[in-house]
Amino acid sequence: MRFAGRVERAGARLRAVEPLVRLLSRDAFGRLQADLERRLLVCAQFALQEHAVVQETLQGRLPWLQSAGVGDVYVPEPEVVVAGLPDLAALADQIEADWSRGASALLRALADDAAAMQVDLADGMVRDIDPAMSDPHDGGRMTALVMLSDGRLLVYKPRPLDMEAQFARLVRWLSDKGIGPPMDAAPVLAQGEDHGWMGFVAHDPCRTRNEMEAYWQKAGGLFCLLGILQATDIHRENIVASGECPVLVDAETLFQPRPAAIASDSPQALLRDTMMLPPFGADTQSDFSAFCSRAGDATAIRVAGPGGNATPYRLPACPNLPHLGGRFFGAEDFPDALADGFAWMFGDLVQHRDALCAEGGPLQAFATARGRYVARGTQCYGAMLAASLAPAVLGPAGGRRAILRNRLRATRTDRSPATFEAQEMSALMRMDIPRLTCRPGDPGPEGHWRAPLDEVCDRLAGLRLDDLPHWLAGMPPLTTAPRRAG
């Protein structure tokens, strides 16, 4: 283990201050410690490269920071390397502190919500844990998959689940009214003020060709619904193909604010911004879409390797596409079913729009839900973080802060105004992807955007059945970039 001394000390301190560590099996605690090691390697990777013999790729879920060749780093005393770079030493201490606080928060959430989830607390009852299933936000907090000793799988999210809970209610309302193709929603099991628990959605196969057709019809209905609801960031990690149903497992970016300076109500813009299909068809360089991207595809992202070499980043396995007989299928394989489901949902939404938006209706319930404003893409933030980890930047005290501030200002757009810079800086300094909170019923700071809920209801009020061809024509083309050889 690299950083063995630091990791062991951090584990001992966590055991000393957090009595709920007893809930973890030995293997689960080891997984937590391995996650701390991974976090330290991510922040120190470029500094270690200057002193290391590199053998294999760093494993983890942060592709925008992965460096092909930082897996087994043989450095006699890596802490010496870290100590010689003031900003890196401070960052390592911050990561360790955030790791400890995050682990405690997860365990306390489990204890607080055990009764609501019908979980019996006992020593070692957490058999295993995957503590890094999302980007880090709010002090290194990440979605975690928790396996209990009875075999149940729980998904812990270290943020409010208002949007997921309301979306599940909306799906039930649509189902009760017979609106659109039948859909499922990920179950919300328990909620706290700053966290929540969801049921695990399994990536189950379709059993027949008819089920595959049904999947893509339902996918079309979901695509239509989320486009009208101004969703964004519905990428390959936020949809699970569960049998014949696509299930949205992350709903925090529904009712996405659209700054006045760039807002467009065109179907093309709304559907493209969902990220559910590749935005530019054959011109797409990196396909991370929910309904087309496939494991193994090369992207335009390059990852550095030994000797300065760089190779394309290839997409890891993900449960976003349905499978039948061992083969995975994308939307480009079933365009007619996708369009049929889209048209079905569109027609039903037009028919029931008044009930949807009425006072006390399912959309008004989203008004106070806490969602996330995506000011910049994760890849943009990731590039900033990678630039801030160069040894030349980490050497002088304050070097990281300066380069992050400069990068934020150089990439400022109407979507990421100066209003949010302080929050973005605070998050990036501790290696987080910024999470900016918004509510569908509220306008943006300084009038930066209209209340998204008002925009959605106005859009529904203006929809006509005659608009359907215009919406179908606004779909991104169902062709993907050619497979790229390494």
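This text goes with the structure placed above it.
Computed from a prediction, not measured in an experiment: that's the story for all the values here.

Thresholds applied
Residues numbered from 1 in each chain as written. Predicted model: local features only at pLDDT ≥ 70, side-chain atom pairs only at ≥ 80, totals over all residues. Heavy atoms only, no water. Helix = DSSP H or I, 4+ residues; strand = E, 2+ residues; numbered from the N terminus. Pairing = 2+ DSSP bridges. Axes fitted to C-alpha atoms, helices over the stretch in contact; angles between N-to-C directions. Buried < 20%, exposed > 50% of the residue type's maximum accessible area, 1.4 Å probe, protein only. Parallel < 35°, antiparallel > 145°, perpendicular 65-115°, else oblique. Left-handed = near helix turned anticlockwise from the far one by under 90°. Contact = heavy atoms within 4.5 Å. Nonpolar A, V, L, I, M, F, W, Y, C, P; charged D, E, K, R; others polar. Phe/Tyr/Trp six-rings, centres within 6.5 Å; stacked < 30°, edge-to-face > 60°.

Participant: Mind showing me how you'd approach unusual backbone geometry here?
Facilitator: Leaving glycine out, the prevailing phi sign among residues is negative, and the prevailing peptide bond configuration is trans. With a phi angle near 55°, Gln118 is a residue other than glycine that sits in the positive phi range. Take Gln118: it is sitting in the loop between α4 (86–113) and β1 (126–130). Positive phi, normally seen in glycine, also occurs at Glu446, with a value near 55°. Tracing the chain through its elements places Glu446 in the loop between β13 (436–438) and α13 (452–462).

Participant: What's the story with the sheet that holds strand β5 (residues 196–199) in this structure? I'm lost.
Facilitator: What holds strands together in a sheet is hydrogen bonding between their backbones, with the strands either parallel or antiparallel. Ordered by their spatial adjacency, 5 strands build an open sheet running β1-β2-β3-β5-β4, and the pairing between neighbours is antiparallel. Of all the strands in the sheet, just β1 and β4 (188–191) have a single pairing partner and so form its edges. Strand-to-strand, the axes of this sheet are offset by a mean angle of 25°, without reference to chain direction. Both β1 and strand β2 (residues 144–148) contribute to a ladder of 4 bridges, which runs antiparallel.

Participant: Would you take a moment to explain the pairing of strand β7 (residues 245–248) for this structure?
Facilitator: The side chains of a regular strand alternate between the sheet's two faces. Here β7 shows two buried faces, one formed by Cys245 and Val247 and the other by Pro246 and Leu248. Direction of pairing for strand β6 (residues 239–242) relative to β7: antiparallel, over a ladder of 4 bridges. Note on β7: the bridge partner recorded for Val240 is Val247. The antiparallel pairing of β6 with β7 creates a hairpin that spans 2 residues between the two strands, and Gly243 there sits at a positive phi of about 65°.

Participant: Can you help me understand the packing of helix α11 (residues 399–410) against helix α12 (residues 421–429) in this one?
Facilitator: Relative placement of two packed helices is described by the angle separating their axes and the distance separating the axes. Running from amino to carboxyl end, α11 crosses α12 at an angle of 135°, the nearest separation of the two axes being 10 Å. Comparing the axis directions of α11 and α12 gives the class oblique. Crossing of α11 against α12: the hand is right-handed. In this structure, α11 uses Arg400, Arg401, Leu404, Arg405, Leu408 and Arg409 to contact α12, whose residues at the interface are Glu421, Glu424, Met425, Leu428 and Met429. Across the contact of α11 with α12, the residue classes break down as 5 nonpolar, no polar and 6 charged.

Participant: Help me understand the pairing of β4 in this model?
Facilitator: As paired elements, β4 and β5 share 3 bridges and run antiparallel to each other. Looking at β5, one finds that Ala190 is bridged to Trp197. Taken together, β4 and the strand that follows it, β5, pair antiparallel across an intervening segment of 4 residues.

Participant: How should the packing of aromatic side chains be read in this particular structure?
Facilitator: Each aromatic ring pair is described using two quantities: the centre-to-centre distance and the angle formed by the ring planes. For the coordinates displayed, the defined rule picks out 10 aromatic pairs. Ring geometry for Tyr156 against Trp197: centres 5.1 Å apart, planes inclined by 50°, an arrangement best described as tilted. Linking Tyr156 in strand β3 (residues 153–157) with Trp197 in strand β5, this pair joins segments that are 41 residues apart in sequence. The interplanar angle of 15° and the centroid separation of 6.1 Å between the aromatic rings of Phe420 and Trp449 together place this pair among those described as stacked. With Phe420 in the loop between α11 and α12 and Trp449 in the loop between β13 and α13, this residue pair connects regions lying 29 residues apart in the sequence. You can call Phe420 buried: its relative accessible area is 6%.

Treat this as a map of the structure, not an account of what it does.
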